[in-house]
Amino acid sequence: MIRALCAAVLVAACSISAPASALEASPSATTDGGCTTSTPSPPQSAPPTSVNTLRQAYFCVLDNYYSGPVMDSKELLKSAFAAYTQNLMRRGADRAGLRLPALTGNRDTDWAAFAKVLGADDPAALRAAITGMVAGLHDNHARAVRPAPSQEGGPTGTGIVGISARQGQRLDPAARPPLFITGVLPGSPAAKADIRPGDIIVKANGVPAFIGNTVNQSIVEAFATNPVKLTLKRPTTGRTRTVELKEGLIIPQRPAVTSKKLADGVTYVQLPGFYEGAADQVIAKLRDKPKAVVLDLRGNGGGSPREVTRLLGAFAHGKVTSYFCPLKGECVPNRTDDSVPLLGSRLIVLTDRGCASACEDFSAAVKDNDLGTLIGTRTAGAVSGPSQAYLLDDGSAVLLPKVRHLGPAREIIDTIGVPVDHYGPHDRPRPGHRARPGCGQSAGASLTRLLQRLGRPPLSPSPTPSAPPWPSRTRSTAALLAEGIVLPFEADLLRLKTRKQNWTYRKEWIVSNAADMPVLSARGLRKEHGEGEGLVRAVDGVDLDVSAGETVAIMGPSGCGKSTLLHLLGGLDRPSAGEVSLNGRRIDNISEKALARMRRTEVSYVFQSFHLMEELTAVENVELAALLAGRSPRVARRRAEELLDQLGLAGRARFLPSALSGGQRQRVAVARALSNDPLVVLADEPTGNLDSAATLDVLQLFKDLHESGQTLVIVTHDARIAATADRKFSMRDGAFVDETWLTGGTTGQLGAFVGLED
């Protein structure tokens, strides 16, 4: 990947020398006109950008771009001149009297007048003019790129290899806040600076990522600087910090196809790009001919049309996959590669706004030819047509499409995208997600979580204007299953209910990116006391699944078994029967030593009575949990101070618990629970000992934790507290008697909702 291109998509980690293959057919330049495509590779060294270089680019566009022969040369030179003068102004080098001459529309006459006003060569401004001229085509496959020189010791970059709104050379104009990192290379400068997938990009060099709810395209240029100063927010803690990130040596990861066997004869395959050989790699993963294939194309930035037709040949023969259309003349159809044996498998394709170019070519062919089902979100709409590279005399190149891409039904996909059959928007940042292979591959929701969206009825709209539209389900799952429209495994997924509609940040998921398991799970859980006639079943046959980032409330009268259940879920007590699993691992049958280690690092508690150490200050109470988990005193103290500051207790950090109010002591207890970034926080009647004012404070605190993506299980007898959850279970005599799906928490005036304010 060429450095200029990678910088444009905010992926400085890909600043490596561009091989000849990156330019398709690397061209040679001519000094008397435009450009040609004859030599095998760009020169190793070249003169600086000159007026003649700009001339080559100008005529190259007019001679070789799809609509170049009928293009208005005045508009082309206007774009170049605007970028030229803007570069001069940024450098304080603008010249008096420099203005665009009168243009006639004759390309030769106009160039002569244009070149005359430029004067002496200014390489930086001329380079900007070429970039601006190509950008003025408003074509997502037209680019001006400059191969980076080979780096001694290997490629360099920041190591950030993915962001959530990446879409070609720009950010997705339909993106909604926040902008977050989706991939970081191990051992890179970004990794060494503790930048993780899921970190939210607030600013780059002071440029905000969003202005209101509109993505700020200016942040692209800010990311291209070295060093770059990033303001980042970690959603799991709410901590905001500023990092100055300098480029350094990196080890790029090669793209690779991954797969996983699911239930009911289904194979899940993740394809990061249509690179050379990708189709055969996918087909090799499917050699056992599964009943159904879930092909994950989320974040797939495209690649070769040849790989598209070859992979489609495994699912259908004799189909038109797309058309390449010149400005004049007949469109040329592209067809499935019928030399590939048919798999006979049902096809389900997962798409998102990161699915671009060849990925959209594949998605449109699947949809228009009825080869499978598309699930996710509309694709990027970045598929104008395949590019050809043309080399200029300064060693740079312009990439220009010569034909226009149309879908199998001759529909325009460029700028519009391919619509899905079932809309399932992404969850927000996933701090636990590993970087996908390749340059700038974005991450999204897991397969199960995405398919769960299909079975969720419409929810009350989110109070924020950026809430995604949720489609209603007009036909029952049973009807779809009976008519053979869905397979049994799909019906099971359709019956699952999703979490809240609100667009919130999700807690770290240390789970499979193919089919997530619940973070916390219980099956047939029982706890008995006594025997014979004195037998008491405090917990009687409870089944429970808690997903990452979900808030679950368990309520019921005193003595119904709520607290006992919480103790069983958190490993404070052992069940008489049944199973408890945390992050897919059973904890009900592990040793006491392993339970203690789990309680120190993976599960935290907030008790009704606070349980603070009275002889320790607030900050010492918080750091104690981190010290017991093995953190160094310096790290534990810094973390404790950060949490107390976030919870509004910085001024009370050195106070003993006896000097704090009830609400303040409960906030200290919450800070202690969060000190080790637990997977799950279990809260037992957190407002039971508080007055109305303190209850409002703690209620707001738990609402903030919920919105930050922290997984919460709250036991309460107070309906006001339960109203802030995603799901509410009612408990009687040790068993669940009712489950209610809520709208994901309170909206509007929180205090008025819970009855604490008028």
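Here's what I pulled together on the structure shown here. Per chain, residues are indexed from 1 in the order of the written sequence. Predicted model: local features are reported for residues with pLDDT of at least 70 only, side-chain atom pairs are reported and counted for 80 or more only, and whole-chain, interface and lining totals are derived from all residues. The side-chain values count all of the structure's non-hydrogen atoms but skip hydrogen atoms and water molecules.

### Some points on the sheet that holds strand β33 (residues 727-732)
In space, the six strands of this open sheet follow the order β30-β31-β32-β27-β33-β34, with mixed pairing throughout. The open sheet has two edge strands with one neighbour each: β30 (603-606) and β34 (735-741). Taking the axes of each pair of neighbouring strands and ignoring which way they run, one obtains an average angle of 20° across the sheet. We call two residues in contact whenever any of their non-hydrogen atoms come within 4.5 Å of each other. Orientation is described by lines fitted to C-alpha atoms, with helices fitted over the stretch in contact, and by angles between N-to-C directions that extend from 0 to 180 degrees. Helix numbering and strand numbering both begin at the N terminus, where a helix is a DSSP run of H or I of at least 4 residues and a strand a DSSP run of E of at least 2. Across the face of the sheet, helix α14 (residues 562-569) comes into contact with β27 (551-555), β31 (680-684), β32 (711-716), β33 and β34 while running at roughly 155° to β31. Each of β30 and β31 touches helix α18 (residues 662-674); the most contacted strand, β30, lies at about 175° to it. Pairing between strands is defined by DSSP: at least two bridges between the two strands are required.

### Quick word on the pairing of strand β14 (residues 258-262)
Strand direction decides the pairing type here: β14 and strand β15 (residues 266-270), joined by five bridges, are antiparallel. Residue pairing in the sheet places S259 in a bridge with V269 of β15. Counting the residues that bridge the hairpin from β14 to β15 gives three residues, and of these D264 lies at a positive phi of roughly 60°.

### Some thoughts on the side chain of N621
Examined against the element boundaries, N621 turns out to sit in helix α16 (residues 618-628). Accessibility here uses a 1.4 Å probe with only protein chains present; expressed as a share of the type maximum, an area under 20% marks a residue as buried, one over 50% as exposed, and anything in between as partly exposed. According to the relative accessible area criterion, N621 is buried, its value standing at 1%. For N621, the side chain forms a polar contact with the main-chain oxygen of L616, separated by 3.1 Å. Not counting residues within four places of it along the chain, the set of residues in contact with N621 comprises L612, M613, L616, P657, V668 and R672. Polar contact is the term for a pair of N or O atoms within 3.5 Å; when the atoms are in protein, one must be able to donate a hydrogen and the other to accept it, and sequence-neighboring residues count only if both atoms are side-chain atoms.

### Section: the sheet that holds strand β1 (residues 143-145)
Pairing is antiparallel across the open sheet formed by three strands, whose spatial order is β1-β22-β21. Looking at which strands have only one partner, the edges of the open sheet turn out to be β1 and β21 (387-391). Taken over all neighbouring pairs, the strand axes of this sheet differ in orientation by 25° on average, direction set aside. Across five bridges, β21 lies against strand β22 (residues 397-401) in antiparallel orientation. Across the sheet, residue Q388 finds its bridge partner in β22, namely L400. The sheet strands contacting helix α2 (residues 51-64) are β21 and β22, and the helix crosses β22 at an angle near 15°.

### Side note on the state of the cysteines
Two cysteine sulfur atoms form a disulfide, by the criterion used here, when they sit within 2.5 Å. Tallied over the entire structure, the rule returns two disulfides. Across the disulfide from C325 sits C331; the S-S distance is 2.0 Å. Disulfide C325-C331: the torsion about the S-S bond is 115°, which places it as right-handed. Looking at C325, the relative accessible area reads 6%, which means it is buried. The disulfide that involves C355 links it to C359, with 1.9 Å between the sulfurs. On the S-S bond that ties C355 to C359, the torsion sits near -105°, and the link is left-handed. When its relative accessible area of 0% is taken as the criterion, C359 is described as buried.

### What to know about the nonpolar core
One finds L271, F274, L295, L311 and F362 to be the most contacted residues of the largest nonpolar core, which totals 36 residues. Listing elements by their share of this core, those giving two or more residues are α8 (278-285), β16 (292-296), α9 (305-312), β19 (346-351) and α10 (358-368). At six residues, the largest contribution of residues to this core is made by α10. Among residues more than four places away in sequence, those in contact with F362 are F274, L295, L297, V308, L311, L312, L347 and V349. Definition of nonpolar core: a set of buried residues of the types Ala, Val, Leu, Ile, Met, Phe, Trp, Tyr and Cys, connected through side-chain atoms within 4.5 Å. One finds A57, C60, A129 and V134 within the second-largest nonpolar core, a separate group that totals 33 residues.

### Focus: unusual backbone geometry
The linkage connecting P177 with the following residue, P178, adopts the cis geometry, with an omega of 0°. Checked against the element boundaries, P178 lands in the loop between β5 (170-171) and β6 (179-184). Looking along the chain, the bond that leaves N226 and enters P227 is cis, with omega of 5°. Located in the positive-phi region is S357, a residue other than glycine, with phi close to 60°. Looking at the element boundaries, S357 is found in the loop between β19 and α10. Phi at D733 takes a positive value of approximately 50°, unusual for a residue other than glycine. Within the fold, D733 resides in the loop between β33 and β34.

### Quick notes on the packing of aromatic side chains
Put simply, two rings from Phe, Tyr or Trp (the six-membered ring, in Trp's case) pair if the centres are within 6.5 Å, and we call them stacked under 30 degrees between planes, edge-to-face over 60, tilted for the rest. Enumeration according to the criterion identifies eight aromatic pairs in this entry. Between F274 and F362, the aromatic rings sit 5.7 Å apart at their centres with planes inclined by 35°, giving tilted as the arrangement. Taken together, the positions of F274 in the loop between β15 and α8 and F362 in helix α10 put the pair 88 residues apart, joining distant regions of the chain. For the pair formed by F274 and F362, the shared burial category is buried. An aromatic cluster of at least three residues, connected via ring pairs, comprises Y58, F59, F81, Y84, W111 and F114.

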